[in-house]
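Spelled out, the chains give:
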Amino acid sequence: MRPWLSALFLVLAFHVLDASANEPMSYLALGDSYTIGEGVAADARWPVQLAAALRAQKIALPVPQIIARTGWTTDELSAAMDAAQADGTLKGQYGFVSLLIGVNNQYRGRDVFNYRGEFSALLERAIALAHGRADRVLVLSIPDWGVTPFGRASGRDRATIARELDDYNAAAKTICERRHVAFVDITPVSREFGGKPGMVVDDGLHPSPAMYAAWAKLALPAATKALSPL
């Protein structure tokens, strides 16, 4: 190949790489009511707040596509993902994927062994959707709903709720560590502030924008590390 032609190809290759580097990558957020943000405006959801915080750091991450619904368990999220793939709503690949799921499994009395298997399968799907890159997947722990006004009025034993959620979160953390996926523990902040005024919406259960902001702040370092250039 002539030298000038080789040089031209090299310039074009660098131009393409530079252009792609400046394009925003896609973000998929998977979960339940905590991800869809029951009771709050769309821009107050924690994944949306996280994406905004990353953009403020010059990381071009757009508003996420969210596949989540209030009340979903692990198997219901998986079924919804199947349906979204079938109808084309769920794209083949994403630059970044987050996952927060399991509170409804615990609420419905399912044991941790069931959760462990279904969560592990969902995590593998999340990794596959992130181009097979485990370092581009972020998992948040399940918050403790027992401390909320709804939880206090539910008649359920709050110590049992806390213990079961700890078991769920320990299982999820172990699975994440095995797959080298970032695990962000937001449960302590949910316990410290989840029962305070201004930290839940009108239903007395779901987080307010301020609580979601706290979660996004905790998730920001791991997300920044995942998405920053090497």
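Everything discussed here concerns the structure shown above.
Residues numbered from 1 in each chain as written. Predicted model: local features only at pLDDT ≥ 70, side-chain atom pairs only at ≥ 80, totals over all residues. Heavy atoms only, no water.

Digging into helix α4 (residues 74-86)
And then number 1: With 13 residues, α4 ought to run about 18 Å at 1.5 Å a step, and its terminal C-alpha atoms sit 19 Å apart, in line with that.
And then number 2: Among all positions of α4, only T74, L77, A80, M81 and A84 are buried. The arc enclosing the buried residues of α4, seen along the axis, measures out at 120°, which places them on a common side.
And then number 3: Count one or two residues on from α4 and you reach G88, which has phi positive near 85°. (Helix = DSSP H or I, 4+ residues; strand = E, 2+ residues; numbered from the N terminus. Expected span 1.5 Å × (residues − 1). Buried < 20%, exposed > 50% of the residue type's maximum accessible area, 1.4 Å probe, protein only. Arc of directions from axis to C-beta.)

Focus: the packing of aromatic side chains
And then number 1: Under the counting rule described, the total for this entry stands at seven aromatic pairs.
And then number 2: Note on Y27 and F96: the rings are 5.0 Å apart at their centroids and 50° apart in plane angle, and the pair reads as tilted. With Y27 in strand β1 (residues 27-31) and F96 in strand β3 (residues 96-100), this pair connects stretches of sequence that are 69 residues apart.
And then number 3: Accessibility expressed as a relative area gives 1% for Y27, which makes it buried.
And then number 4: For the ring pair W145 and F150, a centre distance of 6.2 Å and an interplane angle of 55° mean the geometry is tilted.
And then number 5: Residue classification places W145 among the buried positions, given a relative accessible area of 2%.
And then number 6: With relative accessibility at 32%, the residue F150 sits in the partly exposed group. (Phe/Tyr/Trp six-rings, centres within 6.5 Å; stacked < 30°, edge-to-face > 60°.)

Things to note about the environment of A44
And then number 1: Mapping A44 onto the fold places it in the loop between α2 (33-36) and α3 (46-56).
And then number 2: Separated by 169 residues in sequence, A44 and A213 have C-alpha atoms that sit 7.7 Å apart.
And then number 3: Excluding its chain neighbours within four sequence positions, the residues that come into contact with A44 are Q49, P209 and Y212. (Contact = heavy atoms within 4.5 Å.)

Brief notes about the pattern of salt bridges
And then number 1: Enumeration according to the criterion identifies seven salt bridges in this entry.
And then number 2: As a salt-bridge pair, R125 and D82 come within 2.9 Å of each other at their nearest N and O atoms. Taken together, the residues R125 in helix α6 (residues 112-129) and D82 in helix α4 connect sequence positions 43 residues apart.
And then number 3: Through salt bridges with shared partners, one network takes in D144, D166 and R191. (Salt bridge = Lys/Arg side-chain N within 4 Å of Asp/Glu carboxyl O.)

Some points on the packing of α3 against helix α10 (residues 209-227)
Axis angle and axis distance: for two packed helices, these are the angle between their axes and the distance between the axes, and together they describe the pair.
And then number 1: Running from amino to carboxyl end, α3 crosses α10 at an angle of 50°, the nearest separation of the two axes being 8 Å. As summarised for this structure, α3 and α10 are arranged oblique, according to the angle between their axes. Regarding α3 and α10, the two cross each other, and that crossing is right-handed. Contact residues: W46, Q49, L50, A53 and L54 in α3; P209, Y212, A213, W215, A216, A219, L220, A223, T224 and L227 in α10.
And then number 2: Residues of the contact of α3 with α10, tallied by class, amount to 13 nonpolar, two polar and no charged. (Axes fitted to C-alpha atoms, helices over the stretch in contact; angles between N-to-C directions. Parallel < 35°, antiparallel > 145°, perpendicular 65-115°, else oblique. Left-handed = near helix turned anticlockwise from the far one by under 90°. Nonpolar A, V, L, I, M, F, W, Y, C, P; charged D, E, K, R; others polar.)

Section: empty space enclosed by the protein
And then number 1: Within this structure, the stated rule accounts for one cavity of 30 Å³ or more.
And then number 2: By volume, the largest cavity is sized at about 90 Å³.
And then number 3: Around the largest cavity, the lining is made up of 14 residues, and of these P143, D144, T148, L205 and P207 lie nearest the centre.
And then number 4: Residue composition of the lining of the largest cavity, by class: 10 nonpolar, three polar and one charged. (1 Å grid on protein atoms, 1.4 Å probe; cavity = no way out; pocket = protein on both sides within 12 Å on 5 of 7 lines; lining within 4 Å. Points joined across faces, edges and corners; volume = space filled by probe spheres on them.)

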